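# Summary of the model geometry
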Amino acid sequence: MLNAMLTGKTALVTGSTSGIGLGIAKQLAKQGANIVLNGFGDHQTPLADIQALGVQAAFHGADMSQPTEIEAMMQFAAITFGRVDILVNNAGIQHVARVEDFPPEKWDAILAINLSSAFHASRLAIPAMRAADGGKGWGRIINIASVHGLVASAEKAAYVAAKHGLVGLTKVTALETATTGITCNAICPGWVLTPLVQKQVDAKAAAQGISNEEATRQLLGEKEPSLQFTTPEELGDLAVFFCSAAGQNIRGVAWNMDGGWAAQ
Ligand code: NAD
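Residues numbered from 1 in each chain as written. Predicted model: local features only at pLDDT ≥ 70, side-chain atom pairs only at ≥ 80, totals over all residues. Heavy atoms only, no water.

Packing of helix H1 (residues 19–30) against helix H2 (residues 44–51) brings their axes to within 9 Å, and their N-to-C directions diverge by 20 degrees. By the angle between their axes, H1 is roughly parallel relative to H2. Remark: the crossing between H1 and H2 carries right-handed chirality. Every residue of H2 that contacts H1 at Leu 22, Ala 25, Lys 26 and Ala 29 is listed here: Pro 46, Asp 49 and Ile 50. (Axes fitted to C-alpha atoms, helices over the stretch in contact; angles between N-to-C directions. Helix = DSSP H or I, 4+ residues; strand = E, 2+ residues; numbered from the N terminus. Parallel < 35°, antiparallel > 145°, perpendicular 65-115°, else oblique. Left-handed = near helix turned anticlockwise from the far one by under 90°. Contact = heavy atoms within 4.5 Å.)

Here you go:
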């Protein structure tokens, strides 16, 4: 282990069986935090990868669209590790269609998973965070929004609405905890090459009859001036910074890591 800034702390990262959530979980584990993973698909490999970093790790398979399952996950984390000190609200899905064609059930699912789940996990985590550090309070809530929490793109109505909502929830949570040791901030990535984005690259390639490489080039070229993907590790390092002592008075920000996307 390189560093142990977060030894003794527990981080729960929703949607951490792949992509950005797993990247963030690994960077927090490298700082010594015990980890609660969550998400769908194979969880044995990510769990073993985290444990190999020398920390304790556990998994709960709550479906983040279901408030009762989120409650069960938060109870599981408290029973397993005592308390959640760092909550990373990361689980998210995407669906692309014009407003008039957008399936209502996809709208409901995106709002539930990308926005309401953060409300439920936060409301359940905050009481123990307030009681931490002898009642002075300590906690970090990090909401993985998106550059789409700051600006819009066509055909992403539910996602853009949910991510703008998540930035709003971040600000309210930060205000309500402003005099405590709990901070709440949002991270707003541009393009990150994860399964969620690979599906959009594949759809673009299929729709236009172009190669995957060309679809990737076009995807970046349309929005991201750096023409580079941000990596899950880079996002994890920003989360680590928010957890550091230097981050104690960063409150309610929506910090984009987007290759210049929102600067245009
Ligand atoms: P991903 O598809 O690789 O990972 C999503 C994770 O969420 C997986 O672990 C999946 O199992 C889990 N998940 C999905 N539905 C769930 C549910 N109902 N309950 C529990 N877990 C569920 O996606 P990603 O790209 O790593 O995205 C992670 C977050 O980052 C999302 O909130 C996404 O909106 C956001 N984001 C991604 C990008 C990007 O370019 N990839 C950019 C900005 C923001």
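Once the structure has been displayed, the description carries forward.
Attention now goes to the environment of Asp 237. Looking at the element boundaries, Asp 237 is found in helix H8 (residues 232–243). Between the C-alpha atom of Asp 237 and that of Ala 118, which follows or precedes it by 119 residues, the distance is 21 Å.

Around the ligand, 30 residues are found, and the nearest of them are Thr 17, Asn 90, Tyr 159, Val 192 and Thr 194. Asn 90 is positioned with one of its backbone polar atoms (N or O) 2.7 Å from an oxygen atom of the ligand. Measuring from an oxygen atom of the ligand, one finds a side-chain N or O atom of Tyr 159 at 2.6 Å. When isolated, the ligand has an accessible area of 830 Å², and the protein chains bury 94% of it. Mapped onto the shell around the ligand, the elements with two or more residues apiece are H1, helix H5 (157–176) and helix H6 (195–208). Top contributing element to the shell around the ligand by residue count: H6, with 3 residues. (Near = heavy atom within 4 Å. Polar contact = N/O pair within 3.5 Å; in protein donor to acceptor, adjacent residues only side chain to side chain. Areas by Shrake-Rupley, 256 points an atom, 1.4 Å probe, with all protein chains shown as cover.)

Turning our eyes to something else, we now look at the pairing of strand S5 (residues 139–144). Taken across its 6 residues, S5 has 6 buried, putting it largely inside the fold. Because side chains alternate across S5, one face comprises the buried residues Gly 139, Ile 141 and Asn 143, and the other comprises Arg 140, Ile 142 and Ile 144, equally buried. Alignment of strand S4 (residues 86–89) against S5, held across 4 bridges, turns out to be parallel. Paired with Ile 86 across the two strands is Arg 140, which belongs to S5. Traced from S4 through helix H4 (residues 104–131) to S5, the parallel crossover comes out right-handed. Inspection of the sheet shows S5 paired to strand S6 (residues 182–189) by 6 bridges, in the parallel sense. Each bridged residue has a counterpart across the sheet, and for Ile 141 the counterpart in S6 is Cys 184. Read as a crossover between parallel neighbours, the route from S5 over H5 to S6 is right-handed. (Buried < 20%, exposed > 50% of the residue type's maximum accessible area, 1.4 Å probe, protein only. Pairing = 2+ DSSP bridges. Right-handed = clockwise from strand over helix to strand, strands pointing away.)

This paragraph deals with the pairing of S4. Here S4 shows no split at all, with Ile 86 and Val 88 on one side and Leu 87 and Asn 89 on the other all buried. As paired strands, strand S1 (residues 10–13) and S4 are joined by 3 bridges and run parallel to one another. For Leu 12, the partnering residue across the bridge sits in S4 and is Leu 87.

So, on to H6. With 14 residues, H6 should cover 20 Å at 1.5 Å per step; its first-to-last C-alpha distance of 20 Å lies within 8% of that length. Here H6 has its buried residues at Val 197, Gln 200, Val 201, Lys 204 and Ala 205. Looking straight down H6, one finds its buried side chains confined to an arc of 135 degrees; they lie on one side. Along H6, exposed side chains directed more than 90 degrees from the buried face belong to Lys 199, Ala 206 and Ala 207. Close packing links the buried residues of H6 with helix H7 (212–223). After H6 finishes, the residue Gly 209 shows a positive phi value of roughly 60 degrees. (Expected span 1.5 Å × (residues − 1). Arc of directions from axis to C-beta.)

Counting 32 residues, the largest nonpolar core has Leu 28, Ile 35, Ile 50, Ile 86, Val 88, Ile 142 and Ile 187 as the members making the most contacts within it. Of all elements in the fold, only S1, H1, strand S2 (34–38), H2, strand S3 (57–60), S4, S5 and H8 reach the threshold of two or more residues within this core. If we ignore the near neighbours within four places in the chain, the residues touching Ile 142 are Leu 87, Val 88, Asn 89, Asn 185, Ile 187, Ala 239, Phe 242 and Cys 243. The next biggest cluster of nonpolar side chains, apart from the first, holds 22 residues, and it includes Val 36, Ala 77, Ile 126 and Ile 182. (Core = buried A, V, L, I, M, F, W, Y, C linked by side-chain atoms within 4.5 Å.)

On to H8, then. Over its 12 residues, H8 runs 17 Å from end to end, which matches the ideal 16 Å to within 8%, given 1.5 Å per residue. Restricting attention to buried positions, one finds in H8 the residues Pro 232, Leu 235, Gly 236, Leu 238, Ala 239, Val 240, Phe 242 and Cys 243. Buried positions along H8 lie against H1, S4, S5, S6 and strand S7 (254–257).

This part covers the environment of Leu 37. In this structure, Leu 37 sits in strand S2. Taking relative accessible area as the criterion, Leu 37 reaches 0% and is therefore assigned buried. For the pair Leu 37 and Thr 177, spaced 140 residues apart in sequence, the C-alpha separation works out to 25 Å. Residues contacting Leu 37, with those up to four places away along its chain left out, are Val 13, Ser 16, Ala 25, Pro 46, Leu 47, Ile 50, Ala 58, Phe 59 and His 60.

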